[in-house]
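Chains, contacts and geometry: an overview
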Amino acid sequence: MDVWRLRGKLRAASALLLLTLSPVLSGCILGSERPELALEVPDAYRAAPKGNADSAVPAVDWWRGFRSNELTALMDAAQLYNLDIAVALAQIVQADAMVGVSGAPLLPTLTGDASAERQKQSSANTITSGQGFGGTTFNTFQTGLTASYMLDFWGKNRATLYAAEESATASRYNREVVTLTAIVTVANTYFQVLAAQDQLRVTRRNLEAADRILTLVKKQFNGGTASQLDVSQQEALAATQRAAIPPLEVTLGQNIAALAVLVGRAPANFTVHGGSTNQIAVPRVTAGLPSELLYQRPDVREAEAQLASSNFSVESARAAFFPQIQLTGTTGFQSAALSSLFTPGAWFYTLTASLTQPIFDGFLLESQLKQAKGVQLQNLQAYRKAVLSAFADVEKALIALQKFTLQERLQLQVVAASRQAFDIAEKQLNGGTVNLITVLQAEQTLFTAENNLVTARLSKLQAASSLFQALGGGWTPGGTLASID
């Protein structure tokens, strides 16, 4: 009898060992569901300077190149307190948890249980067995350990795990995308604050000039050398400059409030000192080669990881068509008396192996495979678009930075010439050697030129920040590439 008990224990131990080693033996059959990327990668950017293809990857703290301490402080605050970045970090936590959930089926499950039962048979039952009246009482005590494992022979569960891991990788790239978008938005909003302050200074200075001319025209009107029409025209010009101030103050206040939200602060408790766009330098950066952009842009890397995840999802959906093998082993002790529960005679075990093959499920598995392939195709097209959009973003930023820099230089000449013309006209008006129409034209030309100069400077600064964003500035692409080859 002891020999048979020993053999039974050995069989149970062998079954449990098989359940333990099953993850190593399963999951070896993974298919290949990776579509052709068919990417069009140009050799160089059309708008890049000729003969300058050397890559200068933007520094992680590229915004320091603008040489603004306040902007740097805002950037640092945004990376710490921006709520969009906080949401992206929470999504990483969720994605990592899903990796654990997806990986759980690859490991055996082990469950322990214990029960105690007391049962009394009625006298009506016992009388038929010849035991007399009064009934019989039974006690049952049991402890058990159950181990089960779904043999992942076709790689379904392992493909699901790989898909979750790629999704977790994509969530990390998404965090970088959100961070880059947030800090570029901070820079552009800060530049808008500076531009609004510049325009307010220009408008107020122009209003002072208009009032000064108006005072002179009124003197001439009182002296009989100017008409009421001349006075009214100059009053209209001065009123126009005065009316332009409130919209600029609205722009300034709203952009400061927007900055507060970007750095996680209440607008009422947030202030920006600002300054002038003249004080902001434009850092130098070269675009490099288009092929390098695929490694520098976090949104491209995110789309790449999402495509890799959908590839594994297709493999998992395809593997669901094959038989599923379930291994189960149960062992424990059972006795009618608690004192004899753990004796050798109370030990028991069961071993079960089952195979399930889908035959007809209302086309559920086929539909799930089609759905997975649809997601795969969607992510493939999204990846292709992300690559082409990245190239286009760099081209547009290069063009904008070059042309707005040129516009600023030309507009400086316009302002200088307009300022000189206005000063001469004002002096001649004061001396009575020029008519008011000439002065009005010179005045309006100067006002327009100065406002256009502020706009050109703002556009140049925003083009510079857009170029850094287009090149994936602000993060380090280190780590393993999400493989989709």
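These figures come from a predicted structure and were not determined experimentally.

**A word on the overall build of the protein chain**
In terms of helices and strands, the protein chain carries 11 helices and four strands. Counting every position in the protein chain, which comprises 485 residues, the buried fraction comes to 42%. Once local pairs closer than 6 in sequence are excluded, the contacts in the protein chain between residues at least 24 apart make up 86%. Carbon together with sulfur atoms contributes 58% to the accessible area of the protein chain, which is approximately 25700 Å² in total.

**A word on the pattern of salt bridges**
Scanning the entire structure with this criterion turns up 17 salt bridges. Two residues, Asp96 and Arg172, come together in a salt bridge whose shortest N-O distance is 2.8 Å. Of this pair, Asp96 sits in helix H3 (residues 83-103) while Arg172 sits in helix H5 (residues 156-222), and the two are 76 residues apart along the sequence. Take Asp96: its relative accessible area is 33%, and that puts it in the partly exposed class. A salt bridge links Glu426 to Arg212; its shortest N-O distance comes to 2.5 Å. Of this pair, Glu426 sits in helix H10 (residues 364-431) while Arg212 sits in helix H5; the two residues are 214 residues apart in sequence, bridging distant segments of the chain. On the basis of relative accessible area, Glu426 is assigned to the buried category, the value being 15%.

**Here we look at the packing of aromatic side chains**
Throughout the structure, instances matching the rule amount to nine aromatic pairs. Ring geometry for Trp62 versus Phe66: centroids 6.2 Å apart, planes at 70°, classification edge-to-face. Seen in terms of ring centroids, Phe66 and Phe191 are 5.2 Å apart; in terms of plane orientation they differ by 65°. Their pairing is edge-to-face. Pair noted here: Phe66 is in the loop between helix H1 (2-25) and helix H2 (69-81) and Phe191 is in helix H5, with a separation of 125 residues, a long-range link.

**Quick notes on the layout of surface pockets**
The computed volume of the largest pocket comes to approximately 260 Å³. In terms of lining residues, the largest pocket is bounded by 14 residues, among which Pro49, Val285, Thr286, Leu398 and Leu401 are the most central. A per-element tally of the lining of the largest pocket places H10 first, with four residues. A breakdown of the residues in the lining of the largest pocket according to their chemical character gives nine nonpolar, four polar and one charged.

**Regarding the confidence of the model for the protein chain**
Any residue range with low pLDDT should be treated as having predicted coordinates unsuitable for detailed reading. Across the protein chain, pLDDT averages 84, with 86% of residues at or above 70. Across the protein chain, the secondary-structure element scoring lowest on mean pLDDT is H1, at 42, and the one scoring highest is helix H7 (residues 245-262), at 96. When the criterion is pLDDT under 50, residues 127-132 qualifies, and its contacts beyond four places in sequence or with other chains add up to six contacts. Contacts from residues 479-485, a stretch scored under 50 in pLDDT, to residues over four places away or in other chains number 16 contacts.

**Section: the nonpolar core**
By size, the foremost hydrophobic cluster in this structure holds 65 residues, and its most contacted members are Trp62, Phe66, Phe191, Leu259 and Val394. The set of elements that each furnish at least two residues to this core consists of H2, H5, H7, helix H8 (290-296), helix H9 (298-319), H10 and helix H11 (436-470). The element that contributes the greatest number of residues to this core is H5, accounting for 15 residues. Core analysis: the next-biggest nonpolar cluster, separate from the first, contains 18 residues, Leu214, Leu216, Val231 and Leu440 among them.

**Concerning a nonpolar patch on the surface**
On the surface, a cluster of nonpolar side chains totalling about 440 Å² of accessible area is made up of Ile359, Phe360 and Phe363. Within the secondary structure, Ile359 is located in the loop between strand E4 (347-356) and H10. Taking the relative accessible area as the measure of exposure, Ile359 reaches 82% and is therefore exposed.

**Brief notes about the sheet that holds strand E3 (residues 324-335)**
The strand order across the open sheet formed by four strands is E1-E2-E3-E4, and the pairing between neighbours is antiparallel. The open sheet terminates on both sides in strands that have one partner only, identified here as strand E1 (109-121) and E4. Going from strand to strand, the sheet's axes swing by 20° on average, the running direction of each strand aside. Of the pairings in the sheet, the one linking E1 to strand E2 (residues 136-151) comprises 13 bridges and is antiparallel in character. Across the sheet, the residue bridging to Gly112 is Leu145, located in E2.

**Quick look at the side chain of Asn157**
Summarising the element assignment, Asn157 is placed in helix H5. In this view, Asn157 contacts Ser102, Pro105, Leu106, Met150 and Asp152; residues no more than four positions away in its chain are not counted.

**Some points on the packing of H2 against H5**
Between H2 and H5, the shortest axis-to-axis distance is 10 Å and the interhelical angle comes to 150°. Considering only the axes of H2 and H5, their crossing is right-handed. Taking contact as the criterion, the partners of Glu70, Leu71, Leu74, Met75, Ala78 and Gln79 in H2 are, on H5, Thr179, Ile183, Val186, Ala187, Tyr190 and Phe191. Residue composition of the contact of H2 with H5, grouped by class: nine nonpolar, two polar and one charged.

The rules we used
- Chains are numbered independently. Their residues run from 1 in the order of the written sequence.
- For this predicted model, a pLDDT threshold of at least 70 governs which residues receive local features, and a threshold of 80 or more governs which side-chain atom pairs are given and counted, while totals over whole chains, interfaces and linings are taken from all residues.
- Here the side-chain values reflect all heavy atoms present in the structure, with hydrogen atoms and water set aside.
- In DSSP terms, a helix is any run of H or I states spanning at least four residues, a strand is any run of E spanning at least two, and both are numbered starting from the N terminus.
- Partly exposed residues are those whose accessible area sits between 20% and 50% of the maximum for their type, while under 20% is buried and over 50% is exposed, using a 1.4 Å probe and protein chains only.
- Here a residue-residue contact requires only that any non-hydrogen atoms of the pair lie within 4.5 Å.
- Using a 1.4 Å probe, the Shrake-Rupley method yields the accessible areas, and only the shown protein chains count as cover for residues.
- Definition used for salt bridges: Asp or Glu carboxyl oxygen within 4 Å of a side-chain nitrogen of Lys or Arg.
- For Phe, Tyr and Trp, where Trp contributes only its six-membered ring, two rings pair if their centres lie within 6.5 Å, and the inter-plane angle classes them as stacked under 30 degrees, edge-to-face over 60, or tilted in between.
- Note on definitions: the grid is 1 Å and covers protein atoms alone; a cavity is a set of points where a 1.4 Å probe fits but cannot get out; a pocket is an open set with protein on both sides within 12 Å along at least five of seven lines; lining residues have an atom within 4 Å of a point.
- Grid points are joined across faces, edges and corners, and a volume is the space filled by probe spheres set on the points.
- Three classes are used: nonpolar for Ala, Val, Leu, Ile, Met, Phe, Trp, Tyr, Cys and Pro, charged for Asp, Glu, Lys and Arg, and polar for all others, with Gly counted as polar.
- pLDDT expresses, on a scale from 0 to 100, how confident the predictor is about each individual residue.
- Buried residues of nine kinds, namely Ala, Val, Leu, Ile, Met, Phe, Trp, Tyr and Cys, make up a nonpolar core once their side-chain atoms join them within 4.5 Å.
- Patches were defined on residues exceeding 30% relative accessible area and lacking a salt bridge, with like-charge contacts within 9 Å and nonpolar side-chain contacts (Val, Leu, Ile, Met, Phe, Trp, Tyr) within 5 Å.
- At least two bridges found by DSSP between two strands are what make those strands a pair.
- Axis lines are fitted through C-alpha atoms, for helices just across the contact stretch, and the angle between N-to-C directions can take any value from 0 to 180 degrees.
- For a crossing to be left-handed, the near helix must be turned anticlockwise from the far one by less than a right angle; the clockwise case is right-handed.

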